[in-house]
Amino acid sequence: MALIVHKYGGTSMGSTERIRSVAQRVAKWVRAGHQLVVVPSAMSGETNRLLGLAKELMPNPSAPEALRELDAVAATGEQVSVGLLALALQAQGVPAVSYGGWQVPVQTDSAYTKARIASIDDARIRADLACGKVVVITGFQGIDALGNVTTLGRGGSDTSAVAVAAALKADECLIYTDVDGVYTTDPRIVPEARRLASISFEEMLEMASLGSKVLQIRSVEFAGKYRVPTRVLSSFTPWDIPIEDEAQSGTLITFEEDEKMEQAVVSGIAFNRDEAKISVIGVPDRPGIAFQIIGPVAAANIDIDVIIQNVSHDGRTDFSFTVHRNDYQRAMGVLESQVLPATGAARVIGDAKICKVSIVGIGMRSHVGVASTMFRTLSEEGINIQMITTSEIKTSVVIDEKYMELAVRALHKAFDLDASAVAAE
Ligand code: ADP
Ligand code: ASP
Ligand code: MG
């Protein structure tokens with residue numbers, strides 16, 4: 001008997017028919033003798049719908065008291081899902097009980113809309129499991145120290161599931177979704193993308209942080225910190241396939257160091273359309289200027305990603321950086337009202353039509369020339385690189401958003417990631 005956590009995403013929970021299929025799959029695992037905790041997301045489209053309603057009433061909420069209410073609204077999607085799934089399980093003759101994050105409780109900080117899990121009380125879950133029940137827990141939501149409902153950021157049900165698995169020291173966390181694993185890049189953009197049977201934790205972390213939405217980054221951080229055996233697999237296989245086959249399917253996140261020897265130099269390509277670029281033009285080039293620009297932006301609680309400062313001409317320079325698109329208007333406001341007057345810079349220009357494309361692979365550590373292959377490939381496609389940033393296992397470029405698909409496809413081919421390239425070997 002093993003203790004297994006299943007997570008089902010929005011598409012997997014998308015209709016009562018889909019929920020019934022999830023219940024049948026879970027029942028199969030229970031009948032095979034396992035203890036099951038299931039963490040579902042809201043039904044597909046539901047979180048968007050709820051946030052859309054809120055937006056009609058307050059277009060740009062940013063005050064903490066408004067974000068609190070946004071979380072109160074958004075968290076209801078998962079509340080519906082757990083109840084429906086528990087009903088579907090009971091209808092199959094499987095004892096099941098559902099809990100909201102506040103009932104477990106899943107304790108978080110008070111950073112509404114992007115709260116972090118602090119602890120999960122396992123007492124109630126363990127008591128129910130001991131009674132032979134399947135425990136169904138809301139993804140995405142928690143409760144802060146003052147008893148307010150919080151949410152963990154978009155895609156946060158992945159994090160809920162892995163955190164629950166870590167708290168319970170579960171034998172495995174299975175993330176069921178609408179693709180059959182982690183691919184070399186998003187298969188919706190590149191149909192030739194190839195499923196990876198396994199991916200190292202470090203690569204998965206980079207892929208997630210650089211925009212691959214198949215797993216929320218914090219779920220990968222939890223998996224790494226607590227060494228939770230985590231697998232991404234499809235909920236769209238027939239529910240009654242043999243458990244042994246299902247348990248081996250999809251993509252396993254691995255933690256072993258030595259696996260990298262055999263690996264390709266570049267394992268995957270990620271892209272992110274959620275950022276915007278801001279340039280401060282004609283900044284006096286003197287010590288402390290980067291701090292004078294970035295300081296007020298950071299003080300407004302806006303995260304900054306790629307930064308570039310050009311060489312100066314006549315004592316003036318241009319300074320560019322990227323922020324999340326949700327923070328774009330706010331960042332522009334801070335720069336115009338505070339930074340321009342304080343620094344004497346000429347002007348601020350913004351561009352929300354950019355994207356970041358990244359190549360990722362632990363093999364890059366020991367191979368030179370990887371970045372140059374990337375730059376050559378993009379130049380052959382006539383794509384202008386606006387910004388570059390590198391680390392040991394990734395290189396990212398910021399380009400015009402309209403070239404995103406072209407860039408991803410060209411790079412996928414250039415680094416021999418297409419399924420046909422592997423089949424031909
Ligand atoms: P869920 O609702 O199950 O959480 P998501 O939509 O959050 O599902 O994540 C699954 C989606 O992630 C896939 O449908 C796919 O389009 C996208 N995706 C992005 N990058 C990758 C990748 N490298 N491998 C697989 N899927 C990816
Ligand atoms: N329902 C939430 C969202 O749409 C959480 C999740 O699906 O993981 O972002
Ligand atoms: Mg998701």
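Before any of the text, the structure's been laid out above.
Here we summarise the structure given alongside this text.

What counts, and where the lines are drawn
Residues numbered from 1 in each chain as written. Chains lettered and ligands numbered in written order. Predicted model: local features only at pLDDT ≥ 70, side-chain atom pairs only at ≥ 80, totals over all residues. Heavy atoms only, no water. Phe/Tyr/Trp six-rings, centres within 6.5 Å; stacked < 30°, edge-to-face > 60°. Helix = DSSP H or I, 4+ residues; strand = E, 2+ residues; numbered from the N terminus. Lys NZ or Arg CZ within 6 Å of the ring centre and 35° of its normal. Near = heavy atom within 4 Å. Polar contact = N/O pair within 3.5 Å; in protein donor to acceptor, adjacent residues only side chain to side chain. Areas by Shrake-Rupley, 256 points an atom, 1.4 Å probe, with all protein chains shown as cover. Nonpolar A, V, L, I, M, F, W, Y, C, P; charged D, E, K, R; others polar. Buried < 20%, exposed > 50% of the residue type's maximum accessible area, 1.4 Å probe, protein only. Axes fitted to C-alpha atoms, helices over the stretch in contact; angles between N-to-C directions. Parallel < 35°, antiparallel > 145°, perpendicular 65-115°, else oblique. Left-handed = near helix turned anticlockwise from the far one by under 90°. Contact = heavy atoms within 4.5 Å.

With that settled, consider the packing of aromatic side chains. Tallied over the entire structure, the rule returns four aromatic pairs. Ring geometry for Phe201 against Phe255: centres 5.9 Å apart, planes inclined by 40°, an arrangement best described as tilted. Remark: Phe255 occurs in the loop between β12 (251–254) and β13 (268–272) and Phe201 occurs in helix α7 (residues 201–209); sequence separation between them is 54 residues. The cationic tip of Arg18 hangs over the ring face of Phe236; the distance from NZ or CZ to the ring centre is 3.9 Å.

Moving on, we get to the site of ligand 1. In the vicinity of ligand 1, 17 residues are found, and the nearest of them are Thr177, Asp178, Tyr183, Asp186 and Arg188. The side chain of Lys7 places a nitrogen or oxygen atom 3.0 Å from an oxygen atom of ligand 1. Separating an oxygen atom of ligand 1 from a backbone N or O atom of Gly10 is a distance of 3.1 Å. Notes on ligand 1: free accessible area 580 Å², of which the protein chains cover 85%. For the shell around ligand 1, the class distribution of residues is six nonpolar, six polar and five charged.

Moving on to the environment of Gly147. Along the chain, the position of Gly147 falls in the loop between β7 (141–143) and β8 (149–151). Taking relative accessible area as the criterion, Gly147 reaches 42% and is therefore assigned partly exposed. It is 47 Å that separates the C-alpha atoms of Gly147 and Arg409, two residues lying 262 residues apart in sequence.

Moving on, we get to the packing of helix α10 (residues 289–299) against helix α11 (residues 328–343). Their axes nearest at 9 Å, the elements α10 and α11 cross at an angle of 155°. By the angle between their directions, the pair α10 and α11 is classed as roughly antiparallel. In this structure, α10 crosses over α11, and the sense of that crossing is right-handed. Contact residues: α10 offers Ile289, Gln292, Ile293, Pro296 and Val297, while α11 offers Val334, Leu335, Gln338, Val339, Ala342 and Thr343. Among the residues forming the contact of α10 with α11, the class breakdown is eight nonpolar, three polar and no charged.

Looking now at the environment of Ala127. Take Ala127: it is sitting in helix α5 (residues 123–130). Taking the C-alpha atoms as reference, Ala127 lies 23 Å from Tyr226; in sequence the two are 99 residues apart.

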